[in-house]
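For reference, the chains in residue letters:
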Amino acid sequence: MTKRIRILIICCLCLSACQTKKTDLKEATISRDFDEIVADGKLKVLIAYSATSYFLYRGQTMGYEYDLLKRLAKQLNLELELKVSRNLDEMLDELKNGNVDLVAHGLAITQERKKKVAFTSYLYLTKQVLVQRKPDNWRQLTVDNIKASIIQDPIELIGDTVSVRANSSYFKRMINLSKEIGGNIIIDSLEGGLSTDEIIKQVVDKKIKYTVADGNLARINASHYPILDVSIPVSFSQRISWAVRKNSPVLLQEINKWIEEEKKGSDYYVIYNKYFENKRSFKRRAKSEFYSLNNNQISAYDTLIKEHAKELGWDWRLLASLIYQESQFQPKDTSWAGAKGLMQMMPSTAKELGIKDRENPEESLHGGTAYLERLYKNFEPVTDSVQRIKFTMASYNCGYQHVKDAQSLAEFRGLDKYTWDGNVDKMILALSNPENYNNEVVQYGYVRGTETYDYVSEIFKRYTLYSTLIN
């Protein structure tokens, strides 16, 4: 049976912003290739939290690397365990130390890096470009006047300062460029915890004068910050790739095989365009209050959710995840079965709870959480609080009586009827089969168990993400 992808989000804490000691990455000391990964069942991946790689928008997990990784994990039939890097300069250390199997970040393939890691087939080609600010009054200037006021040739950088991360390919490129043009470019080393998007924003805010970025990243950011000029290349085309340990040749082979197959289909290019070419979508996200890189918010209803979660005794982000699962925070959303509102309440349930307008967010949340509380009380014999919440959620999705049937079937088969994970969840799946829903201990018959199983799993998976990114 195909394993379901479960994504665990683990926050990678920075060691120290001022740490300068470099780890020797020449020899990978950890041996964990594809066979060991398959035996473990998990593909451990390091990813960057940034405007294109991985982020949260209106409650939904998104990002170029994230979308591709989901497809890779599905192809390899593995769980995807994501570790969010807070220091991009230490990504290869994480790989070398065996904390992850794959670094899924836009790494330029360089000779120096090839001595340390093995690169996958390249994902795309790009050039590094200079990111600079136009004059404040650029809209009143002619094109020629704008050009005259900014750098037009890299040689003009002699004696000037460019700010980049110390261990980035941009840093190495500035060193080489200085040699090529026969003059000194002053390189300002920035901390590894800053993403390229954040550094570009520093140019916008006049905190730094120049930086360097991959062309696709620079252009998509410039679409939101038109005061930026990103037209001057400072490198030839470069291959952008992911990295594995050098002693993981079979994993490398499997990933490369997947990449080459992906490139034959249209979805691969649709995903690229979604994050690097769709300027309208990028600007919409960048302006949104519900973009995790802007504000510490999940939805427009966070305040209401926090109030009602407190009454339930739940983490508000867990309740937010359930609401996203139900309606994606759309108060007028209506299902084929007639459920409506943020909490997707059925007409009969709303009537029973005295809810008159299911499309009203406050009424919907009041009624939905009251119903969740009622269901939660039904599972008092379940002593583990997390398991009890899972029983409650399952009941909210498919009905309390069906969950009671799954508990009865679990007991009949010698499983723990008070534990959802690995016990009753298996029986909720089993209730889709005649031999099980016709069992003498089952009173309410067939239920589409995969829907309920996935419902609980998806809510907790998303909650893990929310907990990592949102305070």
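Look a little higher up for the structure.
Rules of the game
- Residues numbered from 1 in each chain as written.
- Predicted model: local features only at pLDDT ≥ 70, side-chain atom pairs only at ≥ 80, totals over all residues.
- Heavy atoms only, no water.
- Helix = DSSP H or I, 4+ residues; strand = E, 2+ residues; numbered from the N terminus.
- Buried < 20%, exposed > 50% of the residue type's maximum accessible area, 1.4 Å probe, protein only.
- Areas by Shrake-Rupley, 256 points an atom, 1.4 Å probe, with all protein chains shown as cover.
- Lys, Arg positive; Asp, Glu negative; His and termini not counted.
- Charge placed at Lys NZ, Arg CZ, Asp CG, Glu CD.
- Core = buried A, V, L, I, M, F, W, Y, C linked by side-chain atoms within 4.5 Å.
- Contact = heavy atoms within 4.5 Å.
- Polar contact = N/O pair within 3.5 Å; in protein donor to acceptor, adjacent residues only side chain to side chain.
- Phe/Tyr/Trp six-rings, centres within 6.5 Å; stacked < 30°, edge-to-face > 60°.
- Lys NZ or Arg CZ within 6 Å of the ring centre and 35° of its normal.
- Arc of directions from axis to C-beta.

## Notes on the overall build of the protein
Next, step 1: Helix and strand content of the protein: 20 helices and 14 strands.
Next, step 2: Dimensions of the protein along its principal axes, counting C-alpha atoms only, are 85 × 55 × 40 Å.
Next, step 3: Across the 471 residues of the protein, 53% fall into the buried class.
Next, step 4: Accessible surface, the protein: about 22200 Å² in total, of which carbon and sulfur atoms supply 47%.
Next, step 5: Distance between charge centres in the protein, computed from 66 positive and 60 negative side chains, equals 4 Å.

## Some details on the nonpolar core
Next, step 1: Counting 108 residues, the largest nonpolar core has Tyr64, Leu69 and Met393 as the members making the most contacts within it.
Next, step 2: Looking at this core element by element, the count peaks at eight residues for helix 20 (residues 449–469).
Next, step 3: For Tyr64, the residues in contact, after removing those within four places along its chain, are Thr52, Ser53, Leu123, Tyr124, Tyr268, Ile271, Tyr272, Tyr275 and Phe276.
Next, step 4: Counting residues in each nonpolar core, the second largest holds 19 residues, with Val131, Ile200, Val204 and Ile227 among its members.

## A look at unusual backbone geometry
Next, step 1: Backbone geometry places Lys206, a non-glycine residue, at a positive phi of 65°.
Next, step 2: Considering the arrangement of structural elements, one finds Lys206 in the loop between helix 7 (196–204) and strand 12 (210–214).
Next, step 3: We classify Lys206 as exposed; its relative accessible area is 52%.
Next, step 4: Phi at Gln328 is positive, roughly 55°, even though this residue is not glycine.

## As for the side chain of Ser85
Next, step 1: Mapped onto the elements of the fold, Ser85 is located in strand 5 (residues 79–85).
Next, step 2: Within the structure, Ser85 has its side chain in polar contact with the backbone oxygen of Asn87 (distance 3.1 Å).

## Here we look at the environment of Tyr64
Next, step 1: Position of Tyr64 among the secondary structure elements: in helix 2 (residues 64–76).
Next, step 2: A C-alpha to C-alpha distance of 41 Å links Tyr64 and Thr349, two positions 285 residues apart in sequence.

## What about the packing of aromatic side chains?
Two descriptors summarise a pair of aromatic rings, namely the distance from one centre to the other and the angle between the planes of the rings.
Next, step 1: Within the structure shown, the criterion is met by 17 aromatic pairs.
Next, step 2: Residues Tyr64 and Tyr272 carry aromatic rings whose centres are separated by 6.0 Å and whose planes lie at 85° to one another, so their mutual orientation is edge-to-face. Of this pair, Tyr64 sits in helix 2 while Tyr272 is found in helix 10 (residues 267–276), placing the two residues 208 residues apart along the sequence.
Next, step 3: Measuring from ring centre to ring centre gives 6.3 Å for Trp242 and Trp258, while their planes differ by 20°; the resulting arrangement is stacked. With Trp242 in strand 14 (residues 238–244) and Trp258 in helix 9 (residues 249–262), this residue pair connects regions lying 16 residues apart in the sequence.
Next, step 4: On the basis of relative accessibility, which here comes to 0%, the residue Trp242 falls in the buried class.
Next, step 5: Three or more aromatic residues link up through ring pairs in this structure, and these residues are Tyr64, Tyr124, Tyr272 and Phe276.
Next, step 6: For Lys134, the ring lying beneath its charged end belongs to Trp138, and the centroid distance is 4.1 Å.
Next, step 7: Sitting over the ring of Tyr122, Lys263 keeps its end group 4.1 Å from the ring centre.

## A short note on helix 10
Structural remark: α-helix, 3.6 residues per turn; residues separated by three or four positions point the same way.
Next, step 1: Among the residues making up helix 10, those that are buried are Tyr268, Ile271, Tyr272, Tyr275 and Phe276. Angularly, the buried residues of helix 10 cover 105° about the axis, an arc narrow enough to put them on a single face.

## A word on the side chain of Lys134
Next, step 1: Relative to the assigned elements, Lys134 resides in the loop between strand 9 (128–133) and helix 5 (143–149).
Next, step 2: Of note is the side chain of Lys134, whose polar atom sits 3.0 Å from the backbone oxygen of Pro226.
Next, step 3: Setting aside chain neighbours within four positions, we find Lys134 in contact with Ile146, Ile150, Pro226, Ile227, Leu228 and Asp229.

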